[in-house]
Amino acid sequence: MSQIAEVTIDGQNYQFPVIEGSEREKAIDIAKLRDQTGYITLDSGFKNTGATKSAITFLDGEEGILRYRGYSIEDLAEKASFLEVAYLLIYGELPTQEQYQQFEHEVRTHTLVNEDMRKIFEGFPVNAHPMGVLSSLVSAMSAFYPDTYDSTAEDVTDLHIIRLMAKLPTIATWSYKKSKGHPVNYPNNNLDYCSNFLSMMFALPVEKYEVDPVVSAALNKLLILHADHEQNCSTSTVRLVGSSQANIYSSISAGISALWGPLHGGANQEVIEMLEAIKADGGDTQKYINMAKDKSSGFRLFGFGHRVYKNFDPRARIIKKAANEVLTKLGVNDPVLEIAKQLEAAALEDEYFVSRKLYPNVDFYSGIIYRALGIPTNMFTVMFAIGRLPGWIAQWKEMRTNKEPIGRPRQVYVGPAQRDFVALESR
Ligand code: ACO
(Lines give C-alpha, C1' and ligand atoms only; values in the text may rest on other atoms or scores of the structure.)
Protein backbone atom coordinates (compact mmCIF):
# COMPACT_ATOMS: atom_id res chain seq x y z
CA MET A 1 0.00 0.00 0.00
CA SER A 2 1.41 3.38 -0.92
CA GLN A 3 2.20 5.64 2.01
CA ILE A 4 0.67 9.03 2.67
CA ALA A 5 2.13 11.92 4.69
CA GLU A 6 -0.31 14.02 6.67
CA VAL A 7 0.25 17.67 7.43
CA THR A 8 -1.92 19.71 9.78
CA ILE A 9 -2.02 23.45 9.16
CA ASP A 10 -4.33 25.72 11.11
CA GLY A 11 -6.23 22.67 12.33
CA GLN A 12 -6.85 21.35 8.84
CA ASN A 13 -5.44 18.03 7.59
CA TYR A 14 -3.79 17.63 4.19
CA GLN A 15 -2.43 14.47 2.62
CA PHE A 16 0.59 14.17 0.36
CA PRO A 17 1.92 11.12 -1.46
CA VAL A 18 5.15 9.48 -0.29
CA ILE A 19 7.55 8.54 -3.07
CA GLU A 20 9.95 5.64 -2.56
CA GLY A 21 13.19 5.25 -4.51
CA SER A 22 14.75 1.95 -5.58
CA GLU A 23 17.03 2.00 -2.53
CA ARG A 24 14.06 2.71 -0.18
CA GLU A 25 14.79 6.42 0.15
CA LYS A 26 11.57 8.20 0.99
CA ALA A 27 10.33 11.61 -0.02
CA ILE A 28 7.11 13.53 0.55
CA ASP A 29 5.83 14.86 -2.77
CA ILE A 30 4.84 18.44 -1.91
CA ALA A 31 4.27 19.59 -5.51
CA LYS A 32 0.63 20.45 -4.66
CA LEU A 33 1.35 21.89 -1.19
CA ARG A 34 0.98 25.54 -2.17
CA ASP A 35 -2.07 24.91 -4.34
CA GLN A 36 -3.82 23.15 -1.48
CA THR A 37 -2.61 25.07 1.56
CA GLY A 38 -1.14 28.38 0.41
CA TYR A 39 2.14 27.43 2.10
CA ILE A 40 5.53 26.70 0.56
CA THR A 41 8.46 24.87 2.16
CA LEU A 42 11.61 26.76 3.14
CA ASP A 43 14.90 24.87 2.94
CA SER A 44 17.96 27.09 2.66
CA GLY A 45 20.85 25.29 0.94
CA PHE A 46 18.40 22.53 -0.15
CA LYS A 47 19.48 20.35 2.76
CA ASN A 48 16.20 18.43 2.64
CA THR A 49 14.94 19.07 -0.84
CA GLY A 50 14.90 16.46 -3.59
CA ALA A 51 15.06 18.36 -6.86
CA THR A 52 14.48 15.39 -9.14
CA LYS A 53 14.07 11.63 -9.47
CA SER A 54 17.30 10.35 -10.96
CA ALA A 55 18.46 6.91 -12.11
CA ILE A 56 22.16 7.79 -12.39
CA THR A 57 23.97 7.80 -9.05
CA PHE A 58 23.05 6.46 -5.65
CA LEU A 59 24.79 7.54 -2.51
CA ASP A 60 24.12 6.75 1.11
CA GLY A 61 25.89 9.28 3.32
CA GLU A 62 25.32 7.32 6.52
CA GLU A 63 26.71 4.05 5.18
CA GLY A 64 29.37 5.61 2.92
CA ILE A 65 27.99 3.99 -0.26
CA LEU A 66 28.45 5.40 -3.77
CA ARG A 67 27.23 3.63 -6.90
CA TYR A 68 27.01 4.71 -10.55
CA ARG A 69 24.01 3.08 -12.23
CA GLY A 70 24.11 0.37 -9.54
CA TYR A 71 27.84 -0.44 -9.81
CA SER A 72 29.97 0.22 -6.72
CA ILE A 73 32.58 2.97 -6.92
CA GLU A 74 35.13 0.52 -5.50
CA ASP A 75 34.60 -1.92 -8.41
CA LEU A 76 34.58 0.77 -11.07
CA ALA A 77 37.71 2.51 -9.75
CA GLU A 78 39.53 -0.81 -9.65
CA LYS A 79 38.38 -2.43 -12.90
CA ALA A 80 37.04 0.07 -15.43
CA SER A 81 38.44 2.70 -17.76
CA PHE A 82 37.24 6.29 -17.44
CA LEU A 83 35.56 6.22 -20.86
CA GLU A 84 33.72 3.00 -19.94
CA VAL A 85 32.41 4.77 -16.83
CA ALA A 86 31.53 7.83 -18.91
CA TYR A 87 29.50 5.63 -21.26
CA LEU A 88 27.81 3.94 -18.30
CA LEU A 89 26.80 7.25 -16.77
CA ILE A 90 25.64 8.86 -20.00
CA TYR A 91 23.87 5.90 -21.63
CA GLY A 92 22.79 3.91 -18.56
CA GLU A 93 24.54 0.57 -19.17
CA LEU A 94 28.11 -0.67 -19.35
CA PRO A 95 29.05 -0.70 -23.06
CA THR A 96 29.48 -3.96 -24.95
CA GLN A 97 32.92 -4.34 -26.51
CA GLU A 98 31.57 -3.07 -29.80
CA GLN A 99 29.83 -0.07 -28.22
CA TYR A 100 32.96 0.74 -26.27
CA GLN A 101 35.18 0.62 -29.37
CA GLN A 102 32.80 2.88 -31.22
CA PHE A 103 32.53 5.39 -28.35
CA GLU A 104 36.27 5.40 -27.71
CA HIS A 105 36.99 5.83 -31.41
CA GLU A 106 34.61 8.77 -31.70
CA VAL A 107 36.06 10.53 -28.66
CA ARG A 108 39.57 9.93 -30.01
CA THR A 109 38.75 11.45 -33.38
CA HIS A 110 37.12 14.64 -32.06
CA THR A 111 39.97 15.86 -29.86
CA LEU A 112 41.06 18.66 -32.18
CA VAL A 113 39.66 22.08 -31.28
CA ASN A 114 38.67 24.72 -33.84
CA GLU A 115 41.70 26.96 -34.43
CA ASP A 116 39.59 30.09 -33.91
CA MET A 117 39.11 29.01 -30.30
CA ARG A 118 42.84 29.50 -29.92
CA LYS A 119 42.40 33.16 -30.86
CA ILE A 120 39.89 33.59 -28.04
CA PHE A 121 42.28 31.82 -25.70
CA GLU A 122 45.22 34.02 -26.71
CA GLY A 123 43.35 37.03 -25.31
CA PHE A 124 43.47 35.73 -21.73
CA PRO A 125 46.22 37.08 -19.47
CA VAL A 126 49.03 34.65 -18.78
CA ASN A 127 48.13 34.33 -15.10
CA ALA A 128 44.37 33.79 -15.64
CA HIS A 129 43.01 31.04 -13.40
CA PRO A 130 42.54 27.95 -15.61
CA MET A 131 39.02 27.39 -14.25
CA GLY A 132 37.90 30.81 -15.51
CA VAL A 133 39.49 30.05 -18.87
CA LEU A 134 37.89 26.60 -19.04
CA SER A 135 34.43 27.85 -18.22
CA SER A 136 34.71 30.68 -20.79
CA LEU A 137 35.99 28.44 -23.56
CA VAL A 138 33.34 25.80 -23.00
CA SER A 139 30.71 28.53 -23.19
CA ALA A 140 32.42 29.80 -26.37
CA MET A 141 32.07 26.32 -27.91
CA SER A 142 28.34 26.96 -28.23
CA ALA A 143 29.16 29.67 -30.78
CA PHE A 144 31.06 27.14 -32.88
CA TYR A 145 28.20 24.61 -32.84
CA PRO A 146 25.03 26.70 -33.19
CA ASP A 147 23.03 23.59 -34.16
CA THR A 148 22.75 22.85 -30.41
CA TYR A 149 20.61 25.90 -29.85
CA ASP A 150 17.35 24.35 -30.94
CA SER A 151 17.97 20.77 -31.93
CA THR A 152 16.66 18.04 -29.69
CA ALA A 153 17.51 15.22 -32.12
CA GLU A 154 19.34 12.42 -30.32
CA ASP A 155 22.11 12.04 -32.90
CA VAL A 156 22.86 15.79 -32.76
CA THR A 157 23.03 15.68 -28.97
CA ASP A 158 25.25 12.59 -29.11
CA LEU A 159 27.70 14.42 -31.34
CA HIS A 160 27.89 17.33 -28.90
CA ILE A 161 28.46 14.90 -26.05
CA ILE A 162 31.37 13.35 -27.97
CA ARG A 163 32.76 16.80 -28.75
CA LEU A 164 32.66 17.87 -25.11
CA MET A 165 34.28 14.66 -23.89
CA ALA A 166 36.95 14.85 -26.58
CA LYS A 167 37.81 18.54 -26.48
CA LEU A 168 37.69 19.40 -22.77
CA PRO A 169 41.10 17.79 -22.03
CA THR A 170 42.62 19.59 -25.04
CA ILE A 171 41.35 22.99 -23.89
CA ALA A 172 42.28 22.23 -20.28
CA THR A 173 45.96 21.85 -21.15
CA TRP A 174 46.21 25.22 -22.92
CA SER A 175 46.25 27.33 -19.73
CA TYR A 176 49.02 25.24 -18.25
CA LYS A 177 51.16 25.50 -21.37
CA LYS A 178 50.64 29.25 -21.55
CA SER A 179 51.55 29.70 -17.87
CA LYS A 180 54.84 27.91 -18.59
CA GLY A 181 55.54 29.90 -21.72
CA HIS A 182 55.47 26.66 -23.74
CA PRO A 183 53.71 26.09 -27.07
CA VAL A 184 50.41 24.23 -26.75
CA ASN A 185 50.42 20.63 -27.92
CA TYR A 186 47.99 19.22 -30.42
CA PRO A 187 46.26 16.01 -29.37
CA ASN A 188 47.70 12.69 -30.53
CA ASN A 189 44.86 10.40 -31.50
CA ASN A 190 47.06 7.32 -31.25
CA LEU A 191 46.91 7.68 -27.50
CA ASP A 192 44.18 6.66 -25.09
CA TYR A 193 42.18 9.33 -23.23
CA CYS A 194 44.39 9.71 -20.14
CA SER A 195 47.70 9.32 -22.01
CA ASN A 196 46.61 11.89 -24.58
CA PHE A 197 45.84 14.39 -21.82
CA LEU A 198 49.20 13.76 -20.13
CA SER A 199 51.03 14.12 -23.41
CA MET A 200 49.31 17.44 -24.18
CA MET A 201 50.23 18.63 -20.67
CA PHE A 202 53.82 17.53 -20.48
CA ALA A 203 55.29 16.86 -23.95
CA LEU A 204 57.68 19.46 -25.34
CA PRO A 205 58.55 19.84 -29.03
CA VAL A 206 62.26 19.48 -28.20
CA GLU A 207 62.28 16.09 -26.55
CA LYS A 208 60.53 12.74 -26.62
CA TYR A 209 57.80 12.25 -24.03
CA GLU A 210 56.78 8.77 -22.91
CA VAL A 211 53.62 8.46 -20.85
CA ASP A 212 54.35 6.62 -17.59
CA PRO A 213 51.69 3.87 -17.26
CA VAL A 214 51.64 4.37 -13.47
CA VAL A 215 50.70 8.02 -13.97
CA SER A 216 48.11 7.20 -16.62
CA ALA A 217 46.50 4.50 -14.42
CA ALA A 218 46.39 6.86 -11.43
CA LEU A 219 44.73 9.55 -13.53
CA ASN A 220 42.18 7.03 -14.82
CA LYS A 221 41.23 6.16 -11.24
CA LEU A 222 40.96 9.78 -10.12
CA LEU A 223 38.73 10.70 -13.04
CA ILE A 224 36.40 7.76 -12.27
CA LEU A 225 36.16 8.75 -8.61
CA HIS A 226 35.07 12.26 -9.61
CA ALA A 227 32.75 11.25 -12.45
CA ASP A 228 29.41 11.84 -10.75
CA HIS A 229 27.98 12.64 -7.35
CA GLU A 230 24.24 13.09 -7.87
CA GLN A 231 22.71 16.51 -7.12
CA ASN A 232 25.77 18.40 -5.83
CA CYS A 233 26.21 22.16 -6.35
CA SER A 234 27.73 22.06 -9.86
CA THR A 235 25.44 19.28 -11.10
CA SER A 236 22.36 21.07 -9.81
CA THR A 237 23.66 24.16 -11.61
CA VAL A 238 23.99 22.23 -14.88
CA ARG A 239 20.45 20.88 -14.50
CA LEU A 240 19.01 24.27 -13.53
CA VAL A 241 20.62 26.09 -16.46
CA GLY A 242 19.66 23.26 -18.81
CA SER A 243 16.07 23.33 -17.54
CA SER A 244 15.59 26.65 -19.35
CA GLN A 245 16.54 24.64 -22.48
CA ALA A 246 19.89 26.41 -22.68
CA ASN A 247 22.32 24.46 -24.86
CA ILE A 248 24.63 21.81 -23.43
CA TYR A 249 27.83 23.91 -23.69
CA SER A 250 26.35 26.82 -21.72
CA SER A 251 24.95 24.44 -19.14
CA ILE A 252 28.30 22.66 -18.64
CA SER A 253 30.13 25.99 -18.57
CA ALA A 254 27.88 27.08 -15.68
CA GLY A 255 28.68 23.81 -13.89
CA ILE A 256 32.41 24.51 -14.25
CA SER A 257 31.91 27.92 -12.64
CA ALA A 258 30.00 26.38 -9.74
CA LEU A 259 32.70 23.75 -9.27
CA TRP A 260 35.37 26.42 -8.99
CA GLY A 261 34.22 27.64 -5.54
CA PRO A 262 36.39 26.66 -2.56
CA LEU A 263 33.46 25.03 -0.77
CA HIS A 264 33.03 22.67 -3.73
CA GLY A 265 35.67 21.47 -6.24
CA GLY A 266 37.98 24.38 -5.48
CA ALA A 267 38.65 22.70 -2.11
CA ASN A 268 41.30 20.43 -3.68
CA GLN A 269 43.50 23.45 -4.40
CA GLU A 270 42.78 24.87 -0.93
CA VAL A 271 43.79 21.58 0.72
CA ILE A 272 47.29 21.57 -0.75
CA GLU A 273 47.75 25.26 -0.01
CA MET A 274 46.66 24.58 3.57
CA LEU A 275 49.03 21.59 3.93
CA GLU A 276 51.87 23.64 2.49
CA ALA A 277 51.13 26.46 4.94
CA ILE A 278 51.16 23.99 7.86
CA LYS A 279 54.49 22.63 6.65
CA ALA A 280 55.97 26.11 6.30
CA ASP A 281 54.69 26.92 9.80
CA GLY A 282 56.67 24.06 11.36
CA GLY A 283 54.17 21.22 10.84
CA ASP A 284 52.12 21.83 14.00
CA THR A 285 48.84 20.15 12.94
CA GLN A 286 47.18 20.68 16.32
CA LYS A 287 47.47 24.45 15.89
CA TYR A 288 45.39 24.21 12.70
CA ILE A 289 42.88 21.82 14.27
CA ASN A 290 42.39 24.41 17.02
CA MET A 291 42.00 27.18 14.46
CA ALA A 292 39.37 25.17 12.54
CA LYS A 293 37.43 24.71 15.79
CA ASP A 294 37.55 28.41 16.57
CA LYS A 295 34.67 29.98 14.63
CA SER A 296 36.12 33.48 15.03
CA SER A 297 39.24 32.44 13.06
CA GLY A 298 37.23 32.08 9.84
CA PHE A 299 39.43 29.06 9.04
CA ARG A 300 38.01 25.71 7.95
CA LEU A 301 39.87 22.47 7.56
CA PHE A 302 39.67 22.13 3.80
CA GLY A 303 38.98 18.61 2.55
CA PHE A 304 36.96 17.90 5.69
CA GLY A 305 33.21 17.63 6.01
CA HIS A 306 30.55 16.89 3.45
CA ARG A 307 26.92 17.83 3.04
CA VAL A 308 25.87 14.23 2.53
CA TYR A 309 28.58 11.92 3.92
CA LYS A 310 28.19 11.77 7.66
CA ASN A 311 30.26 8.65 8.21
CA PHE A 312 33.02 8.49 5.62
CA ASP A 313 33.45 9.43 1.99
CA PRO A 314 34.17 6.17 0.13
CA ARG A 315 36.11 8.11 -2.51
CA ALA A 316 38.45 9.50 0.15
CA ARG A 317 39.18 5.96 1.34
CA ILE A 318 40.11 4.82 -2.19
CA ILE A 319 42.16 7.96 -2.84
CA LYS A 320 44.11 7.69 0.41
CA LYS A 321 45.14 4.12 -0.51
CA ALA A 322 45.93 5.21 -4.07
CA ALA A 323 48.03 8.15 -2.81
CA ASN A 324 50.20 5.75 -0.80
CA GLU A 325 50.56 3.39 -3.78
CA VAL A 326 51.22 6.03 -6.43
CA LEU A 327 53.79 7.92 -4.39
CA THR A 328 55.61 4.66 -3.57
CA LYS A 329 55.57 3.52 -7.22
CA LEU A 330 56.80 6.87 -8.47
CA GLY A 331 59.39 7.08 -5.70
CA VAL A 332 57.99 10.44 -4.58
CA ASN A 333 58.49 11.43 -0.97
CA ASP A 334 56.07 14.27 -0.31
CA PRO A 335 56.15 15.57 3.26
CA VAL A 336 52.61 16.95 2.94
CA LEU A 337 51.28 13.37 2.76
CA GLU A 338 52.54 12.84 6.32
CA ILE A 339 51.02 16.14 7.42
CA ALA A 340 47.69 15.14 5.84
CA LYS A 341 47.73 11.81 7.69
CA GLN A 342 48.55 13.49 11.01
CA LEU A 343 45.81 16.03 10.46
CA GLU A 344 43.29 13.31 9.66
CA ALA A 345 44.28 11.21 12.68
CA ALA A 346 44.06 14.22 15.02
CA ALA A 347 40.69 15.36 13.62
CA LEU A 348 39.18 11.88 13.82
CA GLU A 349 39.90 11.81 17.56
CA ASP A 350 38.73 15.33 18.26
CA GLU A 351 35.30 15.78 19.81
CA TYR A 352 34.55 18.83 17.59
CA PHE A 353 34.98 16.84 14.37
CA VAL A 354 33.50 13.59 15.74
CA SER A 355 30.33 15.24 17.06
CA ARG A 356 29.77 17.09 13.77
CA LYS A 357 30.52 13.96 11.75
CA LEU A 358 33.29 15.67 9.80
CA TYR A 359 35.47 13.21 7.86
CA PRO A 360 37.99 13.63 5.03
CA ASN A 361 36.23 14.13 1.71
CA VAL A 362 37.32 13.31 -1.85
CA ASP A 363 39.49 16.42 -2.01
CA PHE A 364 41.62 15.70 1.05
CA TYR A 365 44.08 13.33 -0.64
CA SER A 366 43.44 13.93 -4.37
CA GLY A 367 45.77 16.96 -4.54
CA ILE A 368 48.63 14.91 -3.15
CA ILE A 369 48.33 12.46 -6.04
CA TYR A 370 47.93 15.24 -8.61
CA ARG A 371 51.12 16.81 -7.32
CA ALA A 372 52.96 13.51 -7.57
CA LEU A 373 51.76 13.27 -11.20
CA GLY A 374 53.31 16.69 -11.87
CA ILE A 375 50.04 18.59 -12.10
CA PRO A 376 50.29 22.13 -10.68
CA THR A 377 48.01 23.26 -7.87
CA ASN A 378 45.95 25.74 -9.89
CA MET A 379 45.04 22.90 -12.30
CA PHE A 380 43.59 20.62 -9.58
CA THR A 381 40.02 21.86 -9.97
CA VAL A 382 40.36 21.57 -13.75
CA MET A 383 41.21 17.89 -13.22
CA PHE A 384 38.04 17.58 -11.16
CA ALA A 385 36.07 19.18 -14.02
CA ILE A 386 37.45 16.71 -16.57
CA GLY A 387 36.42 13.87 -14.27
CA ARG A 388 32.97 15.32 -13.54
CA LEU A 389 32.13 16.06 -17.18
CA PRO A 390 30.38 12.71 -17.95
CA GLY A 391 28.30 13.12 -14.79
CA TRP A 392 27.20 16.60 -15.80
CA ILE A 393 26.39 15.35 -19.30
CA ALA A 394 24.42 12.38 -17.97
CA GLN A 395 22.43 14.60 -15.60
CA TRP A 396 21.75 17.20 -18.31
CA LYS A 397 20.61 14.46 -20.69
CA GLU A 398 18.37 12.82 -18.09
CA MET A 399 16.74 16.15 -17.27
CA ARG A 400 16.07 16.85 -20.94
CA THR A 401 14.91 13.29 -21.74
CA ASN A 402 12.47 13.36 -18.83
CA LYS A 403 11.22 16.76 -20.02
CA GLU A 404 11.62 18.24 -16.57
CA PRO A 405 10.02 21.66 -16.07
CA ILE A 406 12.10 24.81 -15.77
CA GLY A 407 13.70 25.07 -12.32
CA ARG A 408 12.33 28.01 -10.43
CA PRO A 409 12.43 27.99 -6.61
CA ARG A 410 10.18 30.23 -4.56
CA GLN A 411 11.09 32.46 -1.63
CA VAL A 412 9.74 33.95 1.56
CA TYR A 413 9.89 37.69 1.06
CA VAL A 414 11.24 39.54 4.13
CA GLY A 415 11.79 43.03 2.62
CA PRO A 416 9.78 46.21 3.26
CA ALA A 417 6.00 46.11 2.91
CA GLN A 418 4.44 48.37 0.29
CA ARG A 419 5.42 52.05 0.65
CA ASP A 420 4.96 55.22 -1.32
CA PHE A 421 7.63 56.44 -3.71
CA VAL A 422 9.38 59.66 -2.60
CA ALA A 423 10.63 61.90 -5.40
CA LEU A 424 14.42 62.39 -5.58
CA GLU A 425 14.27 66.10 -4.71
CA SER A 426 12.36 65.32 -1.52
CA ARG A 427 14.84 62.67 -0.24
N1 ACO B 1 36.29 22.68 9.33
C2 ACO B 1 35.77 23.13 10.50
N3 ACO B 1 34.46 23.10 10.79
C4 ACO B 1 33.63 22.61 9.86
C5 ACO B 1 34.09 22.13 8.62
C6 ACO B 1 35.47 22.17 8.36
N7 ACO B 1 35.97 21.74 7.20
N8 ACO B 1 33.05 21.70 7.88
C9 ACO B 1 31.96 21.92 8.63
N10 ACO B 1 32.31 22.45 9.84
C11 ACO B 1 31.40 22.76 10.96
C12 ACO B 1 30.59 24.01 10.71
O13 ACO B 1 31.23 25.17 11.21
C14 ACO B 1 29.31 23.70 11.44
O15 ACO B 1 29.55 23.84 12.83
P16 ACO B 1 28.36 24.34 13.82
O17 ACO B 1 27.33 23.25 13.77
O18 ACO B 1 29.04 24.49 15.14
O19 ACO B 1 27.88 25.64 13.26
C20 ACO B 1 29.12 22.18 11.23
O21 ACO B 1 30.46 21.67 11.04
C22 ACO B 1 28.26 21.83 10.00
O23 ACO B 1 28.83 22.48 8.86
P24 ACO B 1 27.98 23.15 7.71
O25 ACO B 1 28.84 24.18 7.05
O26 ACO B 1 26.64 23.56 8.24
O27 ACO B 1 27.76 21.90 6.77
P28 ACO B 1 27.38 21.96 5.26
O29 ACO B 1 26.77 20.65 4.93
O30 ACO B 1 26.58 23.19 4.95
O31 ACO B 1 28.79 22.15 4.48
C32 ACO B 1 30.87 21.67 3.46
C33 ACO B 1 29.50 21.10 3.91
C34 ACO B 1 30.64 22.94 2.61
C35 ACO B 1 31.56 20.63 2.59
C36 ACO B 1 31.71 22.00 4.70
O37 ACO B 1 31.93 20.83 5.46
C38 ACO B 1 33.04 22.68 4.35
O39 ACO B 1 33.08 23.90 4.21
N40 ACO B 1 34.15 21.88 4.20
C41 ACO B 1 35.42 22.44 3.79
C42 ACO B 1 35.44 22.67 2.27
C43 ACO B 1 35.52 21.38 1.49
O44 ACO B 1 36.33 20.51 1.78
N45 ACO B 1 34.70 21.29 0.44
C46 ACO B 1 34.69 20.13 -0.47
C47 ACO B 1 33.45 19.34 -0.28
S48 ACO B 1 33.48 17.88 -1.26
C49 ACO B 1 33.18 18.45 -2.82
O50 ACO B 1 32.53 19.42 -3.05
C51 ACO B 1 33.75 17.70 -3.86
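Please refer to the structure placed before this passage.
Residues numbered from 1 in each chain as written. Predicted model: local features only at pLDDT ≥ 70, side-chain atom pairs only at ≥ 80, totals over all residues. Heavy atoms only, no water.

Trainee: So what about the overall build of the protein? Which residues, and what values?
Mentor: Within the protein, the regular secondary structure consists of 18 helices and 6 strands. Against the compact-globule benchmark of 22 Å for 427 residues, the protein has a radius of gyration of 23 Å, which places it among compact chains. Its C-alpha atoms give the protein principal-axis dimensions of about 80 × 70 × 55 Å. Expressed as a percentage of its 427 residues, the buried residues of the protein come to 46%. If you take every contact in the protein between residues at least 6 apart in sequence, the share linking residues at least 24 apart comes to 71%. Of the roughly 22,000 Å² of accessible surface on the protein, 51% is carried by carbon and sulfur atoms. Averaging the positions of the 44 positive and the 52 negative side-chain charges in the protein gives two centres separated by 3 Å. (Helix = DSSP H or I, 4+ residues; strand = E, 2+ residues; numbered from the N terminus. Rg over C-alpha atoms; globule rule 2.2 N^0.38 Å. Buried < 20%, exposed > 50% of the residue type's maximum accessible area, 1.4 Å probe, protein only. Contact = heavy atoms within 4.5 Å. Areas by Shrake-Rupley, 256 points an atom, 1.4 Å probe, with all protein chains shown as cover. Lys, Arg positive; Asp, Glu negative; His and termini not counted. Charge placed at Lys NZ, Arg CZ, Asp CG, Glu CD.)

Trainee: Outline the nonpolar core, supporting the account with residue identities and numerical values.
Mentor: Of all hydrophobic cores here, the largest spans 111 residues; its most connected members are Tyr68, Ile252, Leu275 and Leu301. In terms of residue count, helix 18 (residues 380–401) provides more of this core than any other element does, 12 residues in total. If near-sequence neighbours (up to four positions away) are discounted, Leu275 is found in contact with Val336, Ile339, Ala340, Leu343 and Ile368. (Core = buried A, V, L, I, M, F, W, Y, C linked by side-chain atoms within 4.5 Å.)

Trainee: Explain the pairing of strand 1 (residues 4–9) to me, using residue names and the numbers behind them.
Mentor: Examined bridge by bridge, strand 1 and strand 2 (residues 12–20) share 6 bridges and lie antiparallel to one another. Within strand 2, the position partnered with Ile4 by the bridge is Pro17. Hairpin connection between strand 1 and strand 2: a loop of 2 residues separates the two successive antiparallel strands, and Asp10 in this loop has a positive phi of roughly 50°. (Pairing = 2+ DSSP bridges.)

Trainee: Please give an account of the sheet that holds strand 3 (residues 26–28) that cites residues and values.
Mentor: Read across the open sheet, the 3 strands follow the order 1-2-3; overall the sheet is antiparallel. Of all the strands in the sheet, just strand 1 and strand 3 have a single pairing partner and so form its edges. Across the sheet, the mean angle from the axis of one strand to that of its neighbour is 30°, orientation sign disregarded. (Axes fitted to C-alpha atoms, helices over the stretch in contact; angles between N-to-C directions.)

Trainee: Explain unusual backbone geometry to me, and be specific about the residues and the numbers.
Mentor: Phi at Lys357 is positive, roughly 55°, even though this residue is not glycine. Its location among the elements puts Lys357 in the loop between helix 16 (351–355) and helix 17 (363–372). Its identity as a non-glycine residue notwithstanding, Lys403 has a phi of 50°, on the positive side. Its place among the elements puts Lys403 in the segment after helix 18.

Trainee: Please provide a residue-by-residue account of helix 11 (residues 248–260), values included.
Mentor: Helical periodicity: at 3.6 residues per turn, an α-helix aligns residues three or four positions apart in one direction. For helix 11, built from 13 residues, the straight-helix expectation of 18 Å at 1.5 Å per residue is met to within 8% by its first-to-last C-alpha distance of 19 Å. Among the 13 residues of helix 11, 10 are classified as buried, and the element is accordingly described as predominantly covered. Buried residues of helix 11: Ile248, Tyr249, Ser251, Ile252, Ser253, Ala254, Gly255, Ile256, Ala258 and Leu259, and no others. Of the surrounding secondary structure, the elements contacted by the buried residues of helix 11 are helix 6 (130–144), helix 7 (154–180), helix 10 (233–243) and helix 18. Between the side-chain oxygen of the N-cap and the backbone nitrogen of Tyr249 there are 3.0 Å, and the N-cap of helix 11 in question is Asn247. (Expected span 1.5 Å × (residues − 1). Polar contact = N/O pair within 3.5 Å; in protein donor to acceptor, adjacent residues only side chain to side chain.)

Trainee: Give a detailed account of the site of the ligand, specifying residues and quantitative values.
Mentor: Taken together, 21 residues form the shell around the ligand, and within it Arg300, Leu301, Gly303, Arg307 and Tyr352 come nearest. A distance of 2.7 Å separates an oxygen atom of the ligand from a polar atom in the side chain of Arg307. For the ligand, the accessible surface in isolation is 920 Å², of which the surrounding protein chains cover 78%. (Near = heavy atom within 4 Å.)

Trainee: So what's going on with the pattern of salt bridges? Residues and values would help.
Mentor: Tallied over the full model, the rule gives 20 salt bridges. Among the ionic pairs, Glu344 bridges to Lys320, the shortest N-O distance being 3.2 Å. Here Glu344 is found in helix 15 (residues 335–348), whereas its partner Lys320 is found in helix 14 (residues 314–330), with 24 residues between them in sequence. Residue Lys320 is classed as partly exposed on the basis of its relative accessible area of 29%. Via salt bridges that share partners, Glu276, Lys279, Asp334 and Arg371 belong to a single interconnected network. (Salt bridge = Lys/Arg side-chain N within 4 Å of Asp/Glu carboxyl O.)

Trainee: Mind laying out the environment of Tyr39, listing which residues take part and the relevant values?
Mentor: Structurally, the position occupied by Tyr39 is in the loop between helix 1 (33–37) and strand 4 (57–60). Filtering out sequence-adjacent residues up to four positions away, Tyr39 remains in contact with Ile9, Asp10, Leu33 and Arg34.

Trainee: Go over the sheet that holds strand 4 with me, naming the residues and quoting the values.
Mentor: In spatial order, the strands read 4-5-6; together these 3 strands make up an open sheet with antiparallel pairing. Each having just a single partner strand, strand 4 and strand 6 (71–72) make up the two edges of the open sheet. For strand 5 (residues 65–68) and strand 6, the ladder comprises 2 bridges, and the chain directions are antiparallel. For Tyr68, the partnering residue across the bridge sits in strand 6 and is Tyr71.

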